[in-house]
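Here is what each chain is made of, one letter per residue.
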Amino acid sequence: MLHKPLDEIFPDPPAGLDAAPLDPAQVPEHVAIIMDGNGRWAKKRALNRLSGHKAGIGAVREAIRCASDCGVRYLTIYSFSTENWKRPADEVAGLMNLFAKTMLAEVDGLDEEDVRVMTIGDLDALPRETRDAFDEAWERTRGNTGMTLVVAVNYGSRAEMLASVQRIVDQAVLAEREGRTIAPVTEELFERGLDTADIPDPDLVIRTSGESRLSNFLLWQVAYAEFFVTPVLWPDFTRYDFLEALLDFQSRDRRFGGVR
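The rules behind the values
Residues numbered from 1 in each chain as written. Predicted model: local features only at pLDDT ≥ 70, side-chain atom pairs only at ≥ 80, totals over all residues. Heavy atoms only, no water. Helix = DSSP H or I, 4+ residues; strand = E, 2+ residues; numbered from the N terminus. Rg over C-alpha atoms; globule rule 2.2 N^0.38 Å. Buried < 20%, exposed > 50% of the residue type's maximum accessible area, 1.4 Å probe, protein only. Contact = heavy atoms within 4.5 Å. Axes fitted to C-alpha atoms, helices over the stretch in contact; angles between N-to-C directions. Parallel < 35°, antiparallel > 145°, perpendicular 65-115°, else oblique. Left-handed = near helix turned anticlockwise from the far one by under 90°. Nonpolar A, V, L, I, M, F, W, Y, C, P; charged D, E, K, R; others polar. Pairing = 2+ DSSP bridges. Right-handed = clockwise from strand over helix to strand, strands pointing away. Phe/Tyr/Trp six-rings, centres within 6.5 Å; stacked < 30°, edge-to-face > 60°. Salt bridge = Lys/Arg side-chain N within 4 Å of Asp/Glu carboxyl O.

Caption draft 1: The arrangement of the overall build of the protein in detail. Per the secondary structure count, the protein includes eight helices and six strands. The order of α-helices and β-strands along the protein, N terminus first, is α-β-α-α-β-α-β-α-β-α-α-β-β-α. The C-alpha radius of gyration of the protein comes to 19 Å, within 12% of the 18 Å expected for a compact globule of 260 residues. Taking the principal axes of the C-alpha coordinates as reference, the protein spans close to 70 × 55 × 35 Å. In the protein, buried positions account for 48% of the 260 residues. Here the analysis covers contacts within the protein between residues at least 6 apart in sequence; of these, 76% occur between residues at least 24 apart.

Caption draft 2: Focus on the packing of helix 4 (residues 89–112) against helix 5 (residues 128–141). Two elements in contact, helix 4 and helix 5, have axes whose closest approach is 8 Å; the angle formed by their N-to-C orientations is 15°. In terms of orientation, helix 4 and helix 5 fall into the roughly parallel class. Read as a crossing pair, helix 4 and helix 5 show a hand that is left-handed. Each of Met96, Asn97, Phe99, Ala100, Met103, Leu104, Val107, Asp108 and Asp111 in helix 4 lies in contact with helix 5, whose residues at this interface are Glu129, Thr130, Ala133, Phe134, Glu136, Ala137, Arg140 and Thr141. Across the contact of helix 4 with helix 5, the residue classes break down as nine nonpolar, three polar and five charged.

Caption draft 3: Summary view of the pairing of strand 3 (residues 116–120). Of all five residues that make up strand 3, four are buried, and the element is covered over most of its length. Bridge analysis of strand 3 against strand 4 (residues 148–155) gives five bridges, and the strand direction is parallel. In the sheet register, Ile120 faces strand 4, and the bridge partner there is Ala152. Crossover connection from strand 3 via helix 5 to parallel strand 4: handedness left-handed.

Caption draft 4: Representation of the packing of helix 3 (residues 49–70) against helix 8 (residues 239–250) within the structure. Where helix 3 contacts helix 8, the axes come no closer than 9 Å and their chain directions differ by 45°. As far as their axial angle goes, helix 8 and helix 3 are oblique. Note on packing geometry: the crossing formed by helix 3 with helix 8 is right-handed. Note on element contacts: helix 8 touches helix 3 through Arg239, Phe242 and Leu246, opposite Glu62, Arg65, Cys66, Ala67, Asp69 and Cys70. Broken down by class, the residue content of the contact of helix 3 with helix 8 amounts to five nonpolar, no polar and four charged.

Caption draft 5: Region of the structure containing the sheet that holds strand 2 (residues 74–81). The sheet built from six strands is open, its strands ordered 3-4-2-1-5-6 with parallel pairing. Taken across any chain shown, the strands that pair with only one partner, and hence form the sheet edges, are strand 3 and strand 6 (226–229). On average, each strand axis in the sheet is tilted by 20° relative to the strand beside it, whichever way the strands run. Note: strand 1 (residues 30–34) against strand 5 (residues 204–207), four bridges, orientation parallel. Residue pairing across strands places Ala32 opposite Val205, the latter belonging to strand 5. In this fold helix 4 packs onto strand 2, strand 3 and strand 4, with an angle of close to 160° to the strand it touches most, strand 2.

Caption draft 6: Seen up close, the packing of aromatic side chains. Applying the stated criterion across every chain yields a total of nine aromatic pairs. Geometrically, the ring pair formed by Tyr78 and Phe217 is stacked, given 4.3 Å between the ring centres and 15° between the ring planes. Within this pair, whereas Tyr78 is found in strand 2, its partner Phe217 is found in the loop between strand 5 and strand 6, the two being separated by 139 residues in sequence. Between Tyr155 and Phe217 the ring centres are 6.3 Å apart and the planes differ by 85°, which places this aromatic pair in the edge-to-face class. Remark: Phe217 occurs in the loop between strand 5 and strand 6 and Tyr155 occurs in strand 4; sequence separation between them is 62 residues. With respect to class, Tyr155 is no different from Phe217; both count as buried. Site record: aromatic cluster; members linked through ring pairs are Phe80, Trp85, Phe99 and Phe134.

Caption draft 7: Structural view of the pattern of salt bridges. Enumeration according to the criterion identifies 17 salt bridges in this entry. Arg40 is the salt-bridge partner of Glu211, the closest N and O atoms lying 3.2 Å from each other. Separated by 171 residues along the polypeptide, Glu211 in the loop between strand 5 and strand 6 and Arg40 in helix 2 (residues 38–44) bring together distant segments of the chain. Of the charged contacts in the structure, one is a salt bridge between Arg140 and Asp111, with a shortest N-O distance of 4.0 Å. Residue Arg140 is located in helix 5, and its partner Asp111 is located in helix 4; the two are separated by 29 residues in the primary sequence. Of the residues examined, Asp111 reaches a relative accessible area of 25% and is grouped as partly exposed. It is possible to trace a salt-bridge network through shared partners that takes in Asp36, Arg40, Arg207, Glu211 and Arg213.

Okay, here's the thing in structure tokens:
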């Protein structure tokens, strides 16, 4: 369900792109975005990589607003992976500081727009200031009933799945010790141990900068998601690129392994 008329959400589409065919009833419930290209965007302008990450904040803001206006119920953004710690120390430190400042600066607006902010990933490994900023955003917005913004930070899907398996093993050991029946391993039991336990699986995954890989992102959850890859570098991503992804999604025939 659109929260605004289409001509207000997309007031001036570029030539060749028309918002009119967008079907409000077919907007994906959950969109996940792998935001890629900040470094290349900066390099093209002879800037440092952190400048590219700062430039990407505007695209994040644009994507959140557009997704919410279009009626998307969940928007997950891949902000920092467990592998990103391998980057230069000054870049990582700058990113952590940027996360904290951005979250604190944006939370008022997100709260006013009824957006709920939550995180997935291991926040315990983050600097205290960064962790506190995400915690504050959650506390401020947890009662909101609009779109849920899921920030994947220090997130890795392999670690997430291993943690779920370990949880099942621990439960089985405890059940055996107490003489109880060990629960069979089912998809539902496995999913309850994932960071996304209360979140529907993504319907659409968008990746910017032209790369065609998942990068350890929601490996279990995207089993039947549609993929949209755009060459646009993340800082240049606009609501019209989001519209293009939505229109492409609506052109797909989703069969979930069946036939029609």
